[in-house]
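Per-entry structural report
These are the residues of each chain, in order.
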Amino acid sequence: MIVVHHLNNSRSQRVLWLLEELGVEYDIKHYERDPQTMLAPPALRAVHPLGKSPVITDGALTLAESGAIVEYLAGRYGDGRFLPAAGTAERMRYTYWLHYAEGSAMPPLLLKLVFDRVESAPMPFFIRPVAKAIAGRAKSSFIEPQIKLHLDFMEAELGKSAWFAGDAFSAADIQMSFPLEAAAARGGLTATRPKLMDFLQRIHARPAYQRALERGGPYELLT
Ligand SMILES: N[C@@H](CCC(=O)N[C@@H](CS)C(=O)NCC(=O)O)C(=O)O
């Protein structure tokens, strides 16, 4: 039986959603973030040394890293569904987006989260103006322009086909959901990018997405 080590409000929601799309049986082991640090509890390190979510176990296999998990589950249990055929242009695009989500789209969004927190963290009053100035400069000179670059790119790509890998919904769309949901929560993704907003609406309407929310519990992305 597949076990998903699921952290609240996290990337592991994607894995639950994929398993619901695949119709595969699975169990969930729940972990709660520390409310102050937002880090995962130490118990997750007993499953994988990094102690991050998602991690799955499937028999003797323990697998971390959401892209690797999505690739494994779609390949092993998909029976050709949610995975474009090998050797096609769609398969190449599928592979690209599977890597792009965590490798390129997430880093500036994570930096934004960190620097937003620097600005609002408790600190001695005489440090605050300096910390705010450094965080503000990092955001305006690098982080926000990078987020804009990526959002513009993704918006243009979704102008070429209904889904990221082509005209059929694939597991790459599931992998891409997290950066787009994070961008809507904290990265300035709004109705000014209608293709991306429409993508979010379409995925949220999928019955498997909703079943995954019911099983995973509340899902509110960090802002
Ligand atoms: N690139 C990794 C990122 C894993 C990751 O950072 N997960 C976050 C949840 S969204 C986490 O476990 N955070 C808690 C912590 O670092 O303690 C993946 O895609 O699986």
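As shown above, the structure is provided for reference.
Below or above, wherever it landed, is the structure these notes cover. (Residues numbered from 1 in each chain as written. Predicted model: local features only at pLDDT ≥ 70, side-chain atom pairs only at ≥ 80, totals over all residues. Heavy atoms only, no water.)

A few words now on the site of the ligand. Taken together, the neighbourhood of the ligand is formed by 13 residues, with Ala40, Lys52, Ser53, Glu65 and Ser66 sitting nearest. Separating an oxygen atom of the ligand from a backbone N or O atom of Ala40 is a distance of 2.8 Å. Separating a nitrogen atom of the ligand from a backbone N or O atom of Ser53 is a distance of 2.8 Å. Considering the ligand on its own, with 510 Å² of exposed area, one finds that the protein chains cover 85% of that surface. Of all the cavities here, the one that holds the ligand is the largest pocket. Classifying every residue of the shell around the ligand by side-chain character gives four nonpolar, three polar and six charged. (Near = heavy atom within 4 Å. Polar contact = N/O pair within 3.5 Å; in protein donor to acceptor, adjacent residues only side chain to side chain. Areas by Shrake-Rupley, 256 points an atom, 1.4 Å probe, with all protein chains shown as cover. 1 Å grid on protein atoms, 1.4 Å probe; cavity = no way out; pocket = protein on both sides within 12 Å on 5 of 7 lines; lining within 4 Å. Sits in = over half its atoms within 2 Å of the grid points. Nonpolar A, V, L, I, M, F, W, Y, C, P; charged D, E, K, R; others polar.)

As enumerated under the stated definition, the model contains two cavities of 30 Å³ or more in all. Of the voids in this model, the largest cavity is the one considered here, and its volume is about 40 Å³. Every element with two or more residues in the lining of the largest cavity is listed here: helix H3 (89-120), helix H4 (128-157) and helix H5 (171-186). In terms of residues, the lining of the largest cavity owes the most to one element, H4, which gives four residues. Looking at side-chain class alone, the lining of the largest cavity contains eight nonpolar, one polar and no charged residues. Looking at the second largest cavity, its volume works out to about 30 Å³. Gln13, Arg14, Trp17, Ser177, Glu181, Tyr209 and Tyr219 are the residues that line the second largest cavity. For the lining of the second largest cavity, the secondary structure elements donating two or more residues are helix H1 (12-22) and H5. Grouping the constituent residues of the lining of the second largest cavity by class yields three nonpolar, two polar and two charged. (Points joined across faces, edges and corners; volume = space filled by probe spheres on them. Helix = DSSP H or I, 4+ residues; strand = E, 2+ residues; numbered from the N terminus.)

Relative to the elements of secondary structure, Arg14 occurs in helix H1. Taking the C-alpha atoms as reference points, Arg14 and Asp173, 159 residues apart in sequence, are found 9.9 Å from one another. In this structure, Arg14 is in contact with Ser66, Glu102, Ile174, Gln175, Ser177, Phe178 and Pro179, ignoring residues within four places of it in sequence. (Contact = heavy atoms within 4.5 Å.)

Moving on, we come to the packing of aromatic side chains. Tallying each qualifying case throughout the model produces 15 aromatic pairs. Considering the side-chain rings of Phe82 and Phe169, the 6.0 Å spacing of their centres and the 85° angle between planes classify their relative orientation as edge-to-face. Of this pair, Phe82 sits in the loop between helix H2 (66-77) and H3 while Phe169 sits in the loop between H4 and H5, placing them 87 residues apart in sequence. Here Phe82 matches Phe169 in class, with each residue buried. Ring plane angle 70° and centroid distance 5.1 Å describe the contact between Phe164 and Phe199, whose orientation is recorded as edge-to-face. Remark: Phe199 occurs in helix H6 (residues 194-204) and Phe164 occurs in the loop between H4 and H5; sequence separation between them is 35 residues. (Phe/Tyr/Trp six-rings, centres within 6.5 Å; stacked < 30°, edge-to-face > 60°. Buried < 20%, exposed > 50% of the residue type's maximum accessible area, 1.4 Å probe, protein only.)

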